[in-house]
Amino acid sequence: MNFTNFGKYILLLKAVFRRPEKTKIYVKAIFQQMDFIGVGSLGLISIISTFIGAVMTLQIAFQLVSDLIPKTIIGSVNRDSSILELSPTISAIVLAGKIGSAISSEIGTMRVTEQIDALEIMGINAPGYLILPKILAGITMVPILVIISMVLSIGGGYLGGTLSGAISAAEYIQGITTDFNPYTIVVALTKAFVFGFIITSVPAYEGFYVKGGALEVAQASTRAVVVSCISILACDYLVTQLLL
């Protein structure tokens with residue numbers, strides 16, 4: 001995204017956050033988007049988080065070769081890595097692929113079929129009407145999905161560790177409850193909030209400025225996912241640098 005595109009993106013956001021014409025219409029659209037982003041992605045996030053937690057436990061146990069280090073450290077490392085990095089970042093990248101492409105395709109199709117032009121002719125603030133509900137739903141539902149992901153990732157670690165015999169249930173539970181720092185949850189939810197904004201606003205921008213036909217809509221969807229993933233990783237570094 002070069003400076004011209006970034007400037008257009010900022011101007012689009014300015015139009016998005018303009019005062020809405022009818023709040024009632026926006027509220028209905030927000031709940032529809034919350035259902036699509038949150039409820040629609042719950043199954044995918046649950047499966048990914050559980051397996052990542054299980055695999056992490058096995059890998060930590062494999063690398064823990066010294067008898068001097070207690071096995072409880074497996075639970076502690078899995079807990080902190082799941083909360084701080086794996087749950088927010090991997091969930092966000094998966095959601096960027098699932099939700100980002102859908103948002104970009106939806107708005108891009110409306111652009112090439114001149115539905116957005118029709119909205120603007122009717123005097124409706126098209127960016128606000130089409131994009132604001134998606135952004136508000138994103139910054140609300142992505143943190144909730146990340147919380148669920150954290151719980152399932154730690155639970156998956158418990159299942160993976162105990163079923164494989166790498167660690168006993170008592171040792172794992174002792175590990176995840178020892179020296180827990182609640183501030184890690186604050187960092188993770190800050191990341192989730194930022195990621196939720198990126199996942200919804202960047203694809204919306206790509207779709208809103210599509211020119212051409214079906215091929216250009218497909219290209220915009222691909223570009224939206226790529227730019228979203230790069231932005232997520234860059235913001236992940238920035239947030240970690242600022243808060244830790």
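All values derive from a computational prediction rather than experimental measurement.

K.L.:
So what exactly am I meant to see when it comes to the packing of aromatic side chains here?
P.N.:
Aromatic ring pairs are reported here in terms of the distance separating the ring centres and the angle at which the planes meet. Using the criterion set out here, one finds six aromatic pairs in the structure. With a centroid separation of 5.8 Å and 85° between ring planes, the pair formed by Tyr9 and Tyr205 is classed as edge-to-face. With Tyr9 in helix H1 (residues 3-16) and Tyr205 in helix H8 (residues 183-208), this pair connects stretches of sequence that are 196 residues apart. Overall, the relative accessible area of 8% leaves Tyr9 in the buried class. Cluster of aromatic residues (ring-pair linked, three or more members): Phe6, Tyr9, Tyr205, Phe208 and Tyr209.

K.L.:
Got a minute to help me understand the nonpolar core in this structure?
P.N.:
One broad rule of soluble globular proteins: the nonpolar side chains tend to lie buried together. One finds Leu95, Ile107, Ile116, Ile131, Ile199, Phe208 and Ile232 to be the most contacted residues of the largest nonpolar core, which totals 52 residues. The contacts of Ile131, once residues within four sequence positions are left out, are Leu12, Val16, Ile107, Ala126, Ala204 and Phe208.

K.L.:
Help me understand the packing of H1 against helix H6 (residues 126-164) in this model?
P.N.:
How two helices sit against one another is set out by the angle between their axes and by the gap between those axes. Between H1 and H6, whose axes approach to 8 Å, the crossing angle comes to 90°. As the angle between them shows, H1 and H6 are arranged roughly perpendicular. Of the residues in H6, those touching H1 at Leu12, Leu13, Ala15 and Val16 are Pro127, Gly128, Ile131, Leu132 and Ile135. Considering only residue class, the contact of H1 with H6 consists of eight nonpolar, one polar and no charged.

K.L.:
Before we go on, may I ask you to explain empty space enclosed by the protein in this structure?
P.N.:
The probe, sized like a water molecule, is rolled over the atoms to show the empty space still left. Counted by the stated rule, this structure contains one cavity of 30 Å³ or more. Put simply, the largest cavity is a space of about 60 Å³. Together, Ile45, Ile48, Ser49, Ile52, Leu86, Ser87, Ile90, Ser91, Ser149 and Ser153 line the largest cavity. At the level of secondary structure, the elements contributing two or more residues to the lining of the largest cavity comprise helix H3 (42-63), helix H4 (72-112) and H6.

K.L.:
Which parts of the structure should I look at to understand the environment of Leu163?
P.N.:
Its place among the elements puts Leu163 in helix H6. Accessibility expressed as a relative area gives 73% for Leu163, which makes it exposed. In this structure, the C-alpha to C-alpha distance between Leu163 and Ala54, residues 109 residues apart in sequence, is 9.7 Å.

K.L.:
Would you mind going over the side chain of Thr89 with me for this structure?
P.N.:
Structurally, Thr89 is set in helix H4. On the accessibility criterion, Thr89 (5% relative accessible area) is buried.

K.L.:
Is there a simple way to explain the pattern of salt bridges in this structure?
P.N.:
Pairing between side chains of opposite charge can happen when the charged atoms of each approach one another. Applying the stated criterion across every chain yields a total of six salt bridges. Across the pair Glu85 and Lys191 runs a salt bridge, and its minimum N-O distance is 3.2 Å. On the criterion of sequence distance, the pair formed by Glu85 in helix H4 and Lys191 in helix H8 is long-range, its members being 106 residues apart. Lys191 sits in the buried class, given a relative accessible area of 1%. Glu106 is the salt-bridge partner of Lys134, the closest N and O atoms lying 3.3 Å from each other. Taken together, the residues span a long stretch of sequence, with Lys134 in helix H6 and Glu106 in helix H4 at a distance of 28 residues. According to the relative accessible area criterion, Lys134 is buried, its value standing at 4%. When salt bridges that share partners are traced, they join Glu85, Lys191 and Asp236 into one network.

K.L.:
Whenever I open this one, the environment of Gly53 confuses me. Can you help?
P.N.:
The topology assignment puts Gly53 in helix H3. Taking the C-alpha atoms as reference points, Gly53 and Ser153, 100 residues apart in sequence, are found 4.2 Å from one another.

K.L.:
Would you take a moment to explain the UniProt feature "transmembrane region" (unreviewed entry) in the protein for this structure?
P.N.:
Summarizing the sequence annotation, UniProt attributes the feature "transmembrane region" (unreviewed entry) to residues 36-62, 135-159 and 180-200 in the numbering used throughout. Between the end C-alpha atoms of residues 36-62 the distance is 39 Å, and the span holds 85% helix and 0% strand.

K.L.:
Please explain the layout of surface pockets as it appears in this structure.
P.N.:
Space inside the largest pocket adds up to approximately 180 Å³. Around the largest pocket, the lining residues are Ile25, Lys28, Ala29, Gln32, Gln33, Glu106, Tyr129, Leu130, Pro133 and Lys134. Among the secondary structure elements, those contributing two or more residues to the lining of the largest pocket are helix H2 (23-37) and H6. It is H2 that contributes the most residues to the lining of the largest pocket, five residues altogether. The residue inventory of the lining of the largest pocket, partitioned by class, reads five nonpolar, two polar and three charged.

The rules behind the values
- Residues numbered from 1 in each chain as written.
- Predicted model: local features only at pLDDT ≥ 70, side-chain atom pairs only at ≥ 80, totals over all residues.
- Heavy atoms only, no water.
- Phe/Tyr/Trp six-rings, centres within 6.5 Å; stacked < 30°, edge-to-face > 60°.
- Helix = DSSP H or I, 4+ residues; strand = E, 2+ residues; numbered from the N terminus.
- Buried < 20%, exposed > 50% of the residue type's maximum accessible area, 1.4 Å probe, protein only.
- Core = buried A, V, L, I, M, F, W, Y, C linked by side-chain atoms within 4.5 Å.
- Contact = heavy atoms within 4.5 Å.
- Axes fitted to C-alpha atoms, helices over the stretch in contact; angles between N-to-C directions.
- Parallel < 35°, antiparallel > 145°, perpendicular 65-115°, else oblique.
- Nonpolar A, V, L, I, M, F, W, Y, C, P; charged D, E, K, R; others polar.
- 1 Å grid on protein atoms, 1.4 Å probe; cavity = no way out; pocket = protein on both sides within 12 Å on 5 of 7 lines; lining within 4 Å.
- Points joined across faces, edges and corners; volume = space filled by probe spheres on them.
- Salt bridge = Lys/Arg side-chain N within 4 Å of Asp/Glu carboxyl O.
- UniProt positions renumbered as here; feature names shortened; annotations may be inferred.

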